[in-house]
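Single-letter residue listing:
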Amino acid sequence: MKKRSVSGLLALLCAFTVMLSACHGQIAGRETTAAPTETAAASTEGQTQDPSASPDETQPAETKAPGLGIEFDTAKKIKIEFWAKNDSNPTQIKIYNKAKEDFEALYPNVTVEIRFYSDYGKIYQDVITNIATNTTPNVCISYPDHIATYLKGRDMVVALDDYMNDPDYGFGGAKLLFDGPDQGEMIGKFLEEGYFSGHQYDLPFMRSSEALYINKTYVERMGYTIPDVVTWDWIWEVSEKAMEKDGDVFKSNGQKIMIPFIYKSTDNMMIQMLRQKGAGYAEESGEVKLFNDTTKELLYTIYEHVLTRAFSTFKIDSYPGNFFNAGRCLFAIDSTAGATWLGSKAPLLDIHAEDVAEFETVVRPVPQFDPENPQMISQGPSLCIFNKADPQEVLASWLFAQYLMTNEVQVAYAKTEGYVPVTYKAQQSAEYLDYIARAGEDNDTYYDVKIACSQMVIDNMENTFITPVFAGSASVRDAAGTLIENVAKATRRKQIQLSADGTALSDEYLDKLFKEVAQLYKLSEIEVKEPETQEPVATDPDGSQAAEPATKSPEGGKTPETTKAADKKDLGPLPSTSVWLLGLLAGAWVLIGAAALLQWIKKRKEQKNH
């Protein structure tokens, strides 16, 4: 064998070694490469990078992702896309556009393009579609449940831990060109909602809850006094009383139409009822506990009041505000973010002015089983940032998302609906406190029902809760509401089956319902994971507990801690391809050795012949 043949084998051997390294350089389907530098960005366009990767998973320090030491290049032209949600409120659109213009004035190299949506579900579906083509927006209004689905199988969403803590561009960063909140000024209770799977994946933008809107005039006319905390027993009693008729009209409103109690989101209805009862719903591990005995009892109670037509839902009878404003509904449960649509003096109405009834509206938390221990859901839009190949683009996205935390944006947006700002800085600002204090001055900016909703959320921040977030949690939420909707529809259609004594829904009916709903939302396909170890509980500046794992910043603020060691994964056994390559590698060495030996023997023979 000639020397060049041996050299060829050596080259082949090197190639095999490189291939082997590549094969085992992947963890759970994600290549362990660092985010590209600006120079490399052009050649890696379309790839998804991980800006939160720990140093031993990346290239040398000079190529680290944003939040780990890069400088924002203000000379580089960058375009980012923001998908925003507004509540059909033109004022909100103006606020988003002003935020865009003000941000672009601070960072002239960045162009922000806004795409407006009026429905969270449409945003969610469009993001899922765009993930497949790697054309997601840069910044997106979303819910944690949706983000958990975006993350499934791919690092699509930026983990924000390192960004928040960066001394230059994080909260209170030295190089920010705007006056944003520092870490201690973010409300930990709200920030914690975006902390799951060991990282902070979203920032709260606005927070709301659900409110019980009550027609005070009609309820008191019926002889009832409205308690500070309404119980489920009280609301069922009054709703049934409101169904009494005098001839062909209802005594409660003097009209031919009355649906005393309408609930907008039956998802939230079931979730809050189960929480108040201390019953199962779902675990952070992904374990679904929705189908239990308490759920059965609640469904039977709902059946009883649907049967008398004292209770209905948005999906059956349309938007509760329309019935409420016409005096055809006494109790409407809707988001505090919908406050400007509810009440006879509401600035936004969906019915003709001549159909609006005159009455006084009061606001209370959602009904409770235990009024001494009220529990209500926390909700509202959050912001997530999608990974892109260029770290400068990701950093620009982070700066814009953080700009939406400034008082200018927070206070302005909170004035549009029954939202509350997500920072202490905004909530305690002179402008916001003045806004709250002027309730009732007009029926627009200072609409009393809207401000009452905001005050209620602020007063009950410690009574709010969030549902567990995992891949599939959005489906569990949908399933919870569907149980109520299906029972209500079946009751209307007289398709309900009762137990033999008539005191409950039959087990046969409920078993079938549970099975159908579980199959509809593919709940059996949700991956159940081992629960993660919890870090120490943080404390907010006001002394209350914040449930997220936390680390103190130099200023004393708290944010969820990024535990780098937790990100390191055992590579596990070699893949079969790698085993095959190792065998081939060993064979190549044997061939090289044999060739070298034959060449040496041949050379020795030639020397003897001479």
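An account of the accompanying structure is given in this report. (Residues numbered from 1 in each chain as written. Predicted model: local features only at pLDDT ≥ 70, side-chain atom pairs only at ≥ 80, totals over all residues. Heavy atoms only, no water.)

1. Looking at the overall build of the protein
Step number 1: Of regular secondary structure, the protein possesses 22 helices and 22 strands.
Step number 2: With the model as given, the accessible surface of the protein reaches about 27,600 Å², and the carbon-plus-sulfur share is 51%. (Helix = DSSP H or I, 4+ residues; strand = E, 2+ residues; numbered from the N terminus. Areas by Shrake-Rupley, 256 points an atom, 1.4 Å probe, with all protein chains shown as cover.)

2. Quick notes on unusual backbone geometry
Step number 1: With phi around 60 degrees, Lys494 is a residue other than glycine that occupies positive phi space.
Step number 2: Relative to the helices and strands, Lys494 is located in the loop between α19 (473-492) and α20 (507-520).
Step number 3: Look at Lys522: it is not a glycine, yet its phi comes out positive at around 50 degrees.
Step number 4: Residue placement: Lys522 occurs in the loop between α20 and β19 (537-539).

3. What to know about the sheet that holds strand β8 (residues 203-204)
Step number 1: Read from one edge to the other, the open sheet built from five strands follows the order β4-β3-β5-β17-β8, with strand pairing classed as mixed. Unpaired on one side and paired on the other, β4 (110-117) and β8 mark the two borders of the sheet.
Step number 2: Pairing between strand β3 (residues 78-85) and β4: eight bridges, direction parallel. Within β4, the residue paired with Ile78 across the bridge is Val110.
Step number 3: Helix α4 (residues 120-132) contacts β3, β4 and β5 (139-142) of the sheet and is inclined by roughly 140 degrees relative to β3.
Step number 4: Along the sheet, helix α14 (residues 391-403) contacts β3, β4, β5, β8 and β17 (382-385); its crossing angle with β3, the most-contacted strand, is approximately 40 degrees. (Pairing = 2+ DSSP bridges. Contact = heavy atoms within 4.5 Å. Axes fitted to C-alpha atoms, helices over the stretch in contact; angles between N-to-C directions.)

4. Observations regarding the pairing of β3
Step number 1: Of all eight residues in β3, six are buried, a share of seventy percent or more.
Step number 2: Bridge count between β3 and β5: two bridges; the pairing is parallel. By the bridge assignment, Phe82 is partnered in β5 with Val139. (Buried < 20%, exposed > 50% of the residue type's maximum accessible area, 1.4 Å probe, protein only.)

5. What to know about the nonpolar core
Step number 1: Within the largest apolar cluster, 141 residues are counted, with the highest numbers of intra-cluster contacts made by Phe82, Phe205, Tyr213, Leu299, Phe331 and Trp398.
Step number 2: Discounting residues that sit within four places of it in the chain, Leu299 has contacts with Met270, Leu483, Ile484, Val487, Leu505, Leu510, Leu513 and Phe514.
Step number 3: If you look at the next biggest cluster of nonpolar residues, it comprises 19 residues, including Val127, Cys140, Cys384 and Val469. (Core = buried A, V, L, I, M, F, W, Y, C linked by side-chain atoms within 4.5 Å.)

6. Examining the pattern of salt bridges
Step number 1: With the rule as written, the count across this model stands at 25 salt bridges.
Step number 2: Ionic pairing is found between Lys216 and Glu220, a salt bridge with its closest N-O pair at 3.1 Å. Here Lys216 and its partner Glu220 are both found in helix α8 (residues 216-221), four residues apart, which amounts to about one turn of the helix.
Step number 3: For Asp293, the salt bridge goes to Lys296, with nearest N and O atoms at 4.0 Å. Remark: Lys296 and Asp293 occur in helix α11 (residues 293-307); sequence separation between them is three residues, near one turn of the helix.
Step number 4: Each member of the salt-bridge network shares a partner with another, and the members are Glu71, Asp168 and Lys175. (Salt bridge = Lys/Arg side-chain N within 4 Å of Asp/Glu carboxyl O.)

7. Let's talk about the side chain of Gln183
Step number 1: Its place among the elements puts Gln183 in the loop between α6 (161-165) and α7 (188-191).
Step number 2: Residue classification places Gln183 among the buried positions, given a relative accessible area of 4%.
Step number 3: Here Met164 takes part through its backbone oxygen, which lies 3.2 Å from a polar atom of the side chain of Gln183. (Polar contact = N/O pair within 3.5 Å; in protein donor to acceptor, adjacent residues only side chain to side chain.)

8. Regarding the packing of aromatic side chains
Step number 1: With the rule as written, the count across this model stands at 35 aromatic pairs.
Step number 2: On the numbers, 5.3 Å between centres and 85 degrees between planes, the contact of Phe178 with Tyr403 is edge-to-face. Taken together, the residues span a long stretch of sequence, with Phe178 in the loop between α6 and α7 and Tyr403 in helix α14 at a distance of 225 residues.
Step number 3: Among the aromatic residues, those joined into a cluster by ring pairs are Phe72, Phe82, Tyr96, Phe103, Tyr107, Phe116, Phe178, Phe205, Phe400, Tyr403, Tyr413 and Tyr419.
Step number 4: When the ring centre of Trp83 is taken as reference, the NZ or CZ atom of Arg115 above it lies at 4.9 Å.
Step number 5: A cation over a ring is seen here: Lys264 above Phe314, with NZ or CZ 5.2 Å from the ring centre. (Phe/Tyr/Trp six-rings, centres within 6.5 Å; stacked < 30°, edge-to-face > 60°. Lys NZ or Arg CZ within 6 Å of the ring centre and 35° of its normal.)

9. Let's talk about the pairing of β5
Step number 1: Alternating positions in β5 separate into two faces, Val139 and Ile141 on one and Cys140 and Ser142 on the other, with burial throughout.
Step number 2: Sheet topology note: the β5/β17 ladder contains four bridges and is antiparallel. Paired with Cys140 across the bridge in β17 is Cys384.

10. Points about the layout of surface pockets
Step number 1: Within this model, the second largest pocket holds a volume of roughly 1,500 Å³.
Step number 2: Lining the second largest pocket are 47 residues, and of these Asp119, Tyr120, Tyr143, Lys264 and Ser265 lie nearest its centre.
Step number 3: When contributions to the lining of the second largest pocket are tallied by element, the ones reaching two or more residues are α4, α5 (144-151), α10 (266-277), α12 (314-317), β14 (331-335) and α19.
Step number 4: Per-element tally for the lining of the second largest pocket: the top contributor is α19, with six residues.
Step number 5: Split by residue class, the lining of the second largest pocket holds 14 nonpolar, 18 polar and 15 charged. (1 Å grid on protein atoms, 1.4 Å probe; cavity = no way out; pocket = protein on both sides within 12 Å on 5 of 7 lines; lining within 4 Å. Points joined across faces, edges and corners; volume = space filled by probe spheres on them. Nonpolar A, V, L, I, M, F, W, Y, C, P; charged D, E, K, R; others polar.)

11. Some points on α5
Since there are 3.6 residues in each turn of an α-helix, residues three or four apart along the chain are aligned in direction.
Step number 1: With seven of eight residues buried, α5 is to be regarded as a mostly interior element.
Step number 2: When α5 is considered as a whole, its buried residues turn out to be Pro144, Asp145, His146, Ile147, Ala148, Tyr150 and Leu151.
Step number 3: Where α5 is buried, its residues touch α4, β5, β6 (195-196), β17 and α19.

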